[in-house]
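# Chain and residue survey
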Amino acid sequence: MASAFRKAYQHAQANQGTLKYAGRTIAIALTWVPVVAYVANHVVWIGVIDGSSMTPTLNPESNGLRRDIALLWKLGLKEYKSFHRGDVVVLRNPRDPETSVVKRIVALEGEEVRTRFPYPESTCRVPQHHFWVEGDNIHSVDSNTYGPVTCGLITARVTRVLFPFGRAGLVPRTGGRDPREVLVKSELPFSTPPPWLKGGKKTEKE
Amino acid sequence: MASRSSRILNNLSIGIRVVAAFHLLQTSVFETSPTSGLSMLPTLRTIGDNVFVNKLNYSRGRDIKTGDVVIAWKPTNCKSRICKRVAGMPGDIVYSNAMPKYSTIAADGIPFEAVVGPENPRTGKYIRVPEGHVWLLGDNAAASLDSRDYGPVPMALVIGKVSFASFWGPWDFFPSLPRRLRSNVTASSMTVDEYLSKDAT
């Protein structure tokens, strides 16, 4: 045992230059960690979609064996006007701050939306800087349970499916269960979509 | 001797890394930021305060308690931040005395199950703070726009806890030493049992 250590020490002594080079390279690589963290938190990252609340748009196989990998854009999340009806977003669960959920924006601020079962009233007017979000799957815990969600909870936009290559492409702006009826559409002038969202399938005419 | 362009590139990359490291420190560990406004008046001055925000242990409301001063994103405005005191934790019952200006917004923003008592625009109502939410109030109740207007705030909006504050206004030559903000329980929140026993009497 001791001889093995001695041998390793001798080996290290003999290859001191190599070890120094490796340590230096690792140290330099570590200084790039904050840059990667910045890009991941504020520009773009990829995420694995878990759960079946956006079936069939994301994770169409509900057995949970194959999970989609999606592109998450995080630029301009503080601009309320850059969100549109039909966008798929990642948001912090209002009921549990440590988890995130993926939902589709159904209504924007000032709009009145017809609600579904767990919600106590038949319609709801979305407050200032809030969204009405719903999952495409009928078995989805969404705004019908926890009410309109505020803009600050949104952590990313899901713009593109990356991994099953057969379905890779832009996430459609419509989909899922029967289209929700927005009773009073907002008259606010919305800005043009950001450049990375242009070219998406815009079936909705605004 | 490296060429001129490679030296420029090298300096640029060092600069990017330093700025990113500083940004990471500010967004996820610790931040000092100036505050303004009347809403925390006895505790924080109207202008010229710097609050020291601990984000490492308290972001997303992880370890906060009733009485802590926190920084959070404003629910009715994506871009602005608020500094308020936690008056109720999930499951507590709080009394909201006034719904003056934004009553329609608040009524829709609060999940229906939150309202446990009879709602009356004159006398206010009892509200059970929903799971994963906190009830935020300003110390200066008369001039504070807080949970009484926009309802319970999701814990995910909480950025961090204000542990120290230092006064440094335009009229101060030197900043004051950072003083610890005490965790005063100024607002009356109660547990469900207390609410029920109060109802019985």
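Criteria and cut-off values
Residues numbered from 1 in each chain as written. Chains lettered and ligands numbered in written order. Predicted model: local features only at pLDDT ≥ 70, side-chain atom pairs only at ≥ 80, totals over all residues. Heavy atoms only, no water. UniProt positions renumbered as here; feature names shortened; annotations may be inferred. Helix = DSSP H or I, 4+ residues; strand = E, 2+ residues; numbered from the N terminus. Buried < 20%, exposed > 50% of the residue type's maximum accessible area, 1.4 Å probe, protein only. Contact = heavy atoms within 4.5 Å. Areas by Shrake-Rupley, 256 points an atom, 1.4 Å probe, with all protein chains shown as cover. Salt bridge = Lys/Arg side-chain N within 4 Å of Asp/Glu carboxyl O. Polar contact = N/O pair within 3.5 Å; in protein donor to acceptor, adjacent residues only side chain to side chain. Nonpolar A, V, L, I, M, F, W, Y, C, P; charged D, E, K, R; others polar. 1 Å grid on protein atoms, 1.4 Å probe; cavity = no way out; pocket = protein on both sides within 12 Å on 5 of 7 lines; lining within 4 Å. Points joined across faces, edges and corners; volume = space filled by probe spheres on them. Patch = residues over 30% accessible without salt bridge, like charges linked within 9 Å, V, L, I, M, F, W, Y side chains within 5 Å. Core = buried A, V, L, I, M, F, W, Y, C linked by side-chain atoms within 4.5 Å. Disulfide = S-S within 2.5 Å.

An unreviewed UniProt entry lists chain B under the name Mitochondrial inner membrane protease subunit, from Myxozyma melibiosi. Regarding chain B, the relevant UniProt record gives this comment under Subcellular location (unreviewed entry): "Mitochondrion inner membrane".

For chain A, an unreviewed UniProt entry supplies the name Mitochondrial inner membrane protease subunit 2 and the organism Myxozyma melibiosi. The UniProt entry for chain A carries the following text under Subcellular location (unreviewed entry): "Mitochondrion inner membrane".

Looking only at helices and strands, chain A features 4 helices and 11 strands. The 206 residues of chain A split such that 44% are buried. The contacts in chain A between residues at least 6 apart in sequence include a share of 63% that link residues at least 24 apart. Per element, the accessible surface of chain A, about 11,200 Å² overall, is 61% carbon and sulfur.

Below, the discussion takes up the interface of chain B and chain A. If you look at the interface, chain B gives 29 residues, while chain A gives 32 residues. On inspection of chain B and its partner chain A, the count reaches 3 salt bridges. A:Glu79 is the salt-bridge partner of B:Lys79, the closest N and O atoms lying 3.2 Å from each other. Linking chain B with chain A are 6 residue pairs in polar contact (both at pLDDT 80 or more), by the criterion used here. Mapped by element, the contributors of at least two residues to the side of chain B that touches chain A are α1 (4–28) and α2 (103–109) of chain B. Looking at which element gives the most residues to the side of chain B that touches chain A, the answer is α1(B), with 7 residues. Taken together, the residues of the side of chain B that touches chain A break down into 14 nonpolar, 7 polar and 8 charged.

The volume enclosed by the largest pocket comes to roughly 1,300 Å³. As for the largest pocket, its lining consists of 36 residues, of which A:Asn41, A:His42, A:Arg92, A:Thr155 and B:Arg60 are closest to the centre. For the lining of the largest pocket, the elements supplying multiple residues, two or more each, are α3 (33–42), β1 (44–48), β3 (88–93), β4 (96–107) and β9 (154–161) of chain A together with α1 and β9 (158–167) of chain B.

When we look at burial in α3(A), the residues that qualify are A:Pro34, A:Val35, A:Ala37 and A:Ala40. Buried-residue contacts for α3(A) involve α2 (16–31) and β1 of chain A together with α1 of chain B.

Below, the discussion takes up a nonpolar patch on the surface. Judged by side-chain polarity, A:Ile28, A:Trp32, B:Leu9, B:Leu12 and B:Ile16 come together as a nonpolar surface patch covering roughly 480 Å² of accessible area. No other element matches the 3 residues that α1(B) contributes to the nonpolar patch. Along the chain, A:Trp32 turns up in the loop between α2 and α3.

Moving on, we come to the nonpolar core. Ranked by size, the top nonpolar core spans 31 residues in total, and within it A:Phe83, A:Phe131, B:Val134 and B:Leu136 carry the most contacts. Elements with a contribution of two residues or more to this core: β3, β4 and β7 (130–134) of chain A together with β3 (69–73), β4 (81–88) and β7 (133–137) of chain B. In this structure, B:Val134 is in contact with B:Ile64, B:Val86, B:Gly88, B:Met89, B:Pro90, B:Val129, B:Ser147, B:Pro152, B:Val153, B:Met155 and B:Val158, ignoring residues within four places of it in sequence.

Once that is clear, we can look at the pattern of salt bridges. Opposite charge on two side chains permits pairing when their charged atoms draw close. The tally for this structure, following the rule as stated, stands at 14 salt bridges over all chains. The partner of A:Arg85 in a salt bridge is A:Glu111, and the shortest N-O contact between them spans 2.4 Å. Taken together, the residues span a long stretch of sequence, with A:Arg85 in the loop between β2 (69–73) and β3 and A:Glu111 in the loop between β4 and β5 (112–114) at a distance of 26 residues. Of the residues examined, A:Arg85 reaches a relative accessible area of 7% and is grouped as buried. For A:Glu111, a relative accessible area of 0% corresponds to the buried category. Among the ionic pairs, A:Arg116 bridges to A:Glu134, the shortest N-O distance being 3.5 Å. Of this pair, A:Arg116 sits in the loop between β5 and β6 (123–125) while A:Glu134 sits in strand β7, and the two are 18 residues apart along the sequence. Given a relative accessible area of 3%, A:Glu134 falls into the buried group. Overlapping salt bridges, with partners in common, bring together A:Glu98, B:Arg60 and B:Arg62 in one network.

Right, let's get into the state of the cysteines. Inspection of the entire model under this criterion finds 1 disulfide over all chains. Residue A:Cys151 pairs covalently with B:Cys78 via a disulfide, S to S 2.1 Å. Linking A:Cys151 and B:Cys78, the disulfide has an S-S dihedral of approximately 130° and is accordingly described as right-handed. Taken together, the residues span two chains, with A:Cys151 in the loop between β8 (149–150) and β9 and B:Cys78 in the loop between β3 and β4. A relative accessible area of 1% means that A:Cys151 is categorised as buried.

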